[in-house]
Amino acid sequence: MDQKTPDAAQLDPENPGPITCARCGTTADGPPPTWTCSVENGARRYFCDDCARANIRAIEGRLDSSWW
Ligand SMILES: [Zn+2]
């Protein structure tokens, strides 16, 4: 049997499954173009529209958690 079966569970490193908002937990099926991506401590965090708006100053200012 050398029939190839598509592996639906195969992870694409560029797109590792549903994206979750780091603040409210909302999930999206793909990388939403309107979401904000922030890299904190080497980890990617996504914020949905509403949360990005609420956090825009903290994100843009790159405030360390020690600051607040
Ligand atoms: Zn959110």
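Residues numbered from 1 in each chain as written. Predicted model: local features only at pLDDT ≥ 70, side-chain atom pairs only at ≥ 80, totals over all residues. Heavy atoms only, no water.

Caption draft 1: Quick peek at the overall build of the protein chain. In terms of regular secondary structure, the protein chain is built from 1 helix and 4 strands. Looking at the protein chain as shown, the accessible area adds up to about 6000 Å², and 48% of this sits on carbon and sulfur atoms. (Helix = DSSP H or I, 4+ residues; strand = E, 2+ residues; numbered from the N terminus. Areas by Shrake-Rupley, 256 points an atom, 1.4 Å probe, with all protein chains shown as cover.)

Caption draft 2: Looking closely at the pattern of salt bridges. Evaluation of the coordinates by the stated rule reveals 1 salt bridge. Here Asp50 and Arg53 are joined by a salt bridge, their closest N and O atoms 3.8 Å apart. Placement of the pair is Asp50 and Arg53 together in helix H1 (residues 49-61), with a separation of 3 residues, close to one helical turn. For the pair Asp50 and Arg53, a shared accessibility class is recorded, and that class is exposed. (Salt bridge = Lys/Arg side-chain N within 4 Å of Asp/Glu carboxyl O. Buried < 20%, exposed > 50% of the residue type's maximum accessible area, 1.4 Å probe, protein only.)

Caption draft 3: Spatial organisation of the pairing of strand E3 (residues 36-40). Inspection of the sheet shows E3 paired to strand E4 (residues 43-47) by 5 bridges, in the antiparallel sense. Within E4, the residue paired with Glu40 across the bridge is Ala43. Where E3 folds back onto E4 in an antiparallel hairpin, the turn is made up of 2 residues, including Asn41, whose phi is positive at roughly 55 degrees. (Pairing = 2+ DSSP bridges.)

Caption draft 4: Focus on the nonpolar core. Ile19, Cys21, Ala28, Trp35, Tyr46, Phe47, Cys48, Cys51 and Ala52 together form the largest nonpolar core, which totals 9 residues. Elements supplying a minimum of two residues to this core: E4 and H1. Among residues more than four places away in sequence, those in contact with Cys48 are Cys21, Cys24 and Trp35. (Core = buried A, V, L, I, M, F, W, Y, C linked by side-chain atoms within 4.5 Å. Contact = heavy atoms within 4.5 Å.)

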